[in-house]
Amino acid sequence: MKIKKVLVTGGLGYIGSHTIVELVNKGYEPIIIDNLSNASIKVLDVLEQMLKIKIPFYQIDCTDSCEVNKVFDEHKIDAVIHFAALKAVGESIQKPAEYYYNNLVSTLTILKAVQAHGVKNFIFSSSATVYGNPIHVPCLESDPIVNATNPYGQTKIINERILTDYSNIHKDTNIALLRYANPIGAHSSGKLGENPNGIPNNLMPYVSQVAVGKRDKLTVFGNDYPTKDGTCIRDYIHVSDLALGHVLTLEKFETDPGLVIYNLGTGEGTSVLDLVNAYQKATGIKINYTFGPRRDGDIPTNYLDVTKAKNELGFKCKYSIEDCCKTAYEFQIKHPNGY
Ligand code: UDP
């Protein structure tokens, strides 16, 4: 069955909005649900202008079963990409009830609607965080999933489990658990990018705000980790490369694979200082930084083996780390105060 209409929850968020672009470019017809808790409605205008189409949009919460089901009644949905979730690691430690409630009830609500409406294709936004403090790097899809270091990560693990159990009994449903590396960068047009509220939690938007003088300096959290330069190592992937991984997964669904799990990353480990250096090289701007204490819950090293996605999906990253920095910077200068 040819997939055409794709419901994208969290479709106005950072990864969601970049995925909408890739979906439309490949001829899919997205429908967006977003509660706007961490996204701007202006992103919808940007998308519609960029893509020169009208995109059906519903400002609803994915935990609202009644409203969610209305969307499924209105559209003949072929596939769901479920991005909508709370995602701040530190905040999840402070607000476990909110994180477990939102991230689990959202998935369950969408999944029950999927079941009730006979939808056979479901992509879930998972994370490299499910590997916890990995036993080896790069992490493989077959590595054990033990316990995350925070409630946010734990919701990813539990959601993966829910979807795996669903898939065990609904053999005719294709489910993909996509475990993301750290998405960074911005759309090459400079029109879409990461736009955090308040002080950025994540490294890349923080560096960009230092680059344009919005913040004084970056604090590098810890320089005594057992890594080459003492700072943490992660796998940073351009958000448009990550977005394309979802389109490739939908193409894979045409072969009815059932449950599939893919790491989506670059396969390369990059330290905090590597990233700062790449940013300086790509933009010519000096990034001031100091070393501070380690951040609670951070693990020294995590990057992904992406051989499986490469072999089975044809997944390949187009953007280098410097491209990521350059596009992030361009978005930042064009949007000094957000959208
Ligand atoms: N980091 C940092 N300073 C910051 C923000 C992040 O040194 O202001 C480090 C953080 O400790 C981690 C890496 O940058 O080692 C990536 O952090 P981020 O929050 O972007 O992603 P995470 O891998 O934690 O999901």
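The shown structure was predicted, so the numbers you read here are calculated from the model rather than taken from an experiment.

Q: Quick question: what am I supposed to make of the packing of helix α7 (residues 203-211) against helix α11 (residues 321-334) here?
A: For the pair α7 and α11, interaxial distance at closest approach is 9 Å and the crossing angle is 60°. The angle between α7 and α11 places the two elements in the oblique class. Classified by chirality, the crossing of α11 by α7 is right-handed. Of α11, the residues touching α7 (which contributes Met-204, Ser-208, Gln-209 and Ala-211) are Cys-324, Cys-325, Ala-328, Tyr-329 and Gln-332.

Q: Which parts of the structure should I look at to understand the UniProt feature "domain: NAD(P)-binding" (unreviewed entry) in the chain?
A: Under the UniProt annotation, "domain: NAD(P)-binding" (unreviewed entry) lies at residues 7-326. Within the segment residues 7-326, helix and strand shares are 40% and 16% respectively, and the terminal C-alpha atoms sit 31 Å apart.

Q: I tried to follow the site of the ligand on my own but got confused; where do I start?
A: For the ligand, the set of nearby residues contains 14 residues, the closest of which are Thr-219, Phe-221, Arg-234, Arg-295 and Asp-298. Asn-182 has a polar side-chain atom sitting 2.9 Å from an oxygen atom of the ligand. Note that an oxygen atom of the ligand is positioned 2.8 Å from one of the side-chain N or O atoms of Arg-295. The element contributing the most residues to the shell around the ligand is strand β8 (residues 218-221), with four residues. The class makeup of the residues in the shell around the ligand is seven nonpolar, four polar and three charged.

Q: Would you take a moment to explain the environment of Pro-144 for this structure?
A: Mapped onto the secondary structure, Pro-144 falls in the loop between β5 (121-127) and α6 (151-169). Pro-144 gets classed as partly exposed once you look at its relative accessible area, which sits at 45%. When the C-alpha positions of Pro-144 and Gly-132 are compared, they lie 9.4 Å apart, and in sequence the two are 12 residues distant. If we skip the residues at most four places from it in the chain, Pro-144 touches Tyr-131 and Ile-135.

Reading the values: the criteria
Residues numbered from 1 in each chain as written. Predicted model: local features only at pLDDT ≥ 70, side-chain atom pairs only at ≥ 80, totals over all residues. Heavy atoms only, no water. Axes fitted to C-alpha atoms, helices over the stretch in contact; angles between N-to-C directions. Helix = DSSP H or I, 4+ residues; strand = E, 2+ residues; numbered from the N terminus. Parallel < 35°, antiparallel > 145°, perpendicular 65-115°, else oblique. Left-handed = near helix turned anticlockwise from the far one by under 90°. Contact = heavy atoms within 4.5 Å. UniProt positions renumbered as here; feature names shortened; annotations may be inferred. Near = heavy atom within 4 Å. Polar contact = N/O pair within 3.5 Å; in protein donor to acceptor, adjacent residues only side chain to side chain. Nonpolar A, V, L, I, M, F, W, Y, C, P; charged D, E, K, R; others polar. Buried < 20%, exposed > 50% of the residue type's maximum accessible area, 1.4 Å probe, protein only.

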